[in-house]
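Coordinates in review
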Amino acid sequence: MSQETLVVTGATILAGSDQTPVTNQALVLADGKIEAIVSAQEAARRIASGARQLNAKGMTILPGLIDAHGHLDSLGKALESVDLVDTTSYAEVIARIGARAAAKAPGEWIVGRGWDQNDWSSSDFPTRTLLDATVSNHPVWVTRVDGHAALANSAALKAAGIDRRSKDPEGGRIMRDPTGEPTGVFIDAAMDLVERSIPAVSRQERKRRIHAAAMNIAANGLTGMHDAGANQETIDVVKELIDEGRFPIRLYVMLRDNAALLDAWMQRGPLIDYGGRLTVRSIKLYADGALGSRGAAMLEPYSDDASNSGLLLARPEHLVNVSKRALRSRFQVNAHAIGDRGVRNVLEAFEKAEVSSIHRFRIEHLQVIAASDIPRLARSGIIASMQPTHATSDMPWAEQRVGAQRLRGAYAWRSVLNSGARLALGSDFPVEAVNPFFGIYSAVTRQDQKGMPTGGWTSDQRLTAAEAIRGFTSDAAWAAFEETTRGTIEPGKLADLTLVDRNPLESAPSELFKIKPVYTIVGGRVVYDAVASRSSK
């Protein structure tokens, strides 16, 4: 008997392509793969012959959960930055920044992420005036929760050389007061005007935070993720961690839309399954900005800003050109598109590039889509890569942004699925929490974690628990061309498993976000053990 054989006993197993609950049997893992589902008697025989046992009594074994859209390096950065998530006022944002500044030497940059003006009593964008009054001897750069807008204080503007004469870049906007002075808020492409002045992190610092992010992802029950926009530095660090045996999850990379980066990779071709952990075979494009900062490109002006229809971050001809080049180089294209204009531009670009179902091109987010465009997804085999927690985060203000009519095509998971399109689910962390059960809960209930609104927001778009789990397992695997090796519990597939404290298919919808991962197993090896973590504290 191989010393690598592990027998998992006592659990309910969601087995096969239909994820059918199997009880009173055991799961045998050998040499990094699923060998068999066996009877209790056979399990006992194997354990007596020397196989290791993992007693999972009372737990449920899911196929290893996969987040189809997250940001690895950004998560690592967020874990080290000032956490501004759930702040209820600009004053609270300033207080948290001030507390961090007090622990820093004068002149050091203060970075943070997570503020959302829509959660404050005034939903207007903040300005640097109040921030300057509290923190003046540190450059401050704090990013909005969606990563598509950020606030700088005057010290950061000075460091970046920004003043009233600075021009808006294509695809970006510098917010200004009535006199033309920058307010401190930068949207989409304009953010680079400040970010390029922030001191670069060292290789070791980047490695530390990427490792911390990967461990955090595993601790949330995820066995893998699709990294939505990685640069070469991130890829190189991940390869180092894999070579050192210290990268716990599987990573599917979307290359950032950078000319030199894409040229280099298109010449060499995809990298498949490096060290059993890393695949680079897709490209991330940006059609538009985000809804919360009114940067998502809309077919008609925003309902709450009649002079604004959003921002196009990539010209349609660029979308077409990269898509054609990707097809020739065997790369998938995954295009960020949030507004209905952004989505339509991507659909038209993919069609002009003659994309078909075999290519599995994707639209990331797909938050607002015109009803007439939904059938085009399945027709071209385009995968909708969506994030359920965006809906429950955005629902307090989304109708104000887009109006009742367009809301019918917003966060429309059910309509997309019913059209015959594939639906891969994720979180967009660190924009939202890493926890996949928050997303499953949002998909099933369309409510916040206080159970509001009663009956769910636009409840006709809800998914079943089984559909939501498929979005984080088999359909996420499909979206990365990995359905033959992961996504379901079947003999011969990789032993990537998420063991949780209860069966989500039997849990009340209101309880889904409370599900806790107990073990995360990747390639037959336990990479997260909640029992050991609790006992070490």
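An account of the accompanying structure is given in this report. Because the structure is predicted, anything quoted here is derived from the model rather than measured. (Residues numbered from 1 in each chain as written. Predicted model: local features only at pLDDT ≥ 70, side-chain atom pairs only at ≥ 80, totals over all residues. Heavy atoms only, no water.)

**Here's the deal with the packing of aromatic side chains**
If you walk through the whole model with that rule in mind, you get 7 aromatic pairs. Between tryptophan 115 and phenylalanine 125, the ring centres sit 6.3 Å apart and the planes meet at 80°, which makes this aromatic pair edge-to-face. One end of the pair, tryptophan 115, is in strand β10 (residues 110-115); the other, phenylalanine 125, is in the loop between β10 and α4 (128-134), with 10 residues separating them in the sequence. Here tryptophan 115 matches phenylalanine 125 in class, with each residue buried. What links up through ring pairs into an aromatic cluster is the set Tyr90, Trp115, Trp120 and Phe125. (Phe/Tyr/Trp six-rings, centres within 6.5 Å; stacked < 30°, edge-to-face > 60°. Helix = DSSP H or I, 4+ residues; strand = E, 2+ residues; numbered from the N terminus. Buried < 20%, exposed > 50% of the residue type's maximum accessible area, 1.4 Å probe, protein only.)

**Description of helix α9 (residues 259-268)**
Residues spaced three or four apart along an α-helix point in a common direction, a consequence of the helix completing one turn every 3.6 residues. Taken residue by residue, α9 has Leu261, Leu262, Trp265 and Met266 as its buried positions. Projected down its long axis, α9 carries its buried residues within an arc of 120°, all on one side. Pointing more than 90 degrees away from the buried face of α9 are the exposed residues Ala259, Ala260 and Gln267. On its buried face, α9 sits against β15 (222-230), α8 (232-243), β16 (250-255), β17 (271-274), β18 (278-286) and α10 (316-329). Looking at where α9 begins, the residue whose side-chain oxygen comes 3.1 Å from the main-chain nitrogen of alanine 260 is asparagine 258. Just downstream of α9 lies glycine 269, where phi reads positive at about 90°. (Arc of directions from axis to C-beta. Contact = heavy atoms within 4.5 Å. Polar contact = N/O pair within 3.5 Å; in protein donor to acceptor, adjacent residues only side chain to side chain.)

**As for the side chain of glutamate 432**
Tracing the sequence through the fold places glutamate 432 in the loop between β22 (423-425) and α16 (436-445). Notably, glutamate 432 is buried but unbridged: the nearest opposite-charge side chain belongs to arginine 144, and the N-O separation is 9.0 Å. A polar contact is formed between the side chain of glutamate 432 and the side chain of histidine 390, at a distance of 3.0 Å. Those residues in contact with glutamate 432 that sit more than four places away from it in its chain are Thr389, His390, Ser393 and Ser427. (Lys, Arg positive; Asp, Glu negative; His and termini not counted. Salt bridge = Lys/Arg side-chain N within 4 Å of Asp/Glu carboxyl O.)

**Focus: the sheet that holds strand β11 (residues 140-144)**
Spatially, 6 strands are ordered β9-β10-β11-β12-β14-β13 in an open sheet, and the strand pairing comes out mixed. Edge positions in the sheet fall to β9 (82-83) and β13 (172-176), since each has one partner strand and no second. Two elements, strand β12 (residues 149-152) and strand β14 (residues 182-188), share 3 bridges in a ladder whose sense is antiparallel. When the bridges of β14 are listed, alanine 149 appears paired with isoleucine 187. (Pairing = 2+ DSSP bridges.)

**Brief notes about unusual backbone geometry**
For the bond running from phenylalanine 429 to proline 430, omega is 5°, close enough to zero to count as cis. Look at the link from methionine 452 to proline 453: it is a cis peptide, with omega at -5°. Note on placement: proline 453 falls in the loop between α16 and α17 (465-471). A positive phi angle is found at glutamate 354, which is not glycine, with a value near 65°. Inspection of the secondary structure puts glutamate 354 in the loop between α11 (340-352) and β20 (362-365). One non-glycine residue, tyrosine 411, lies in positive phi territory at about 55°. With respect to the helices and strands, tyrosine 411 occurs in the loop between α14 (398-407) and α15 (413-418).

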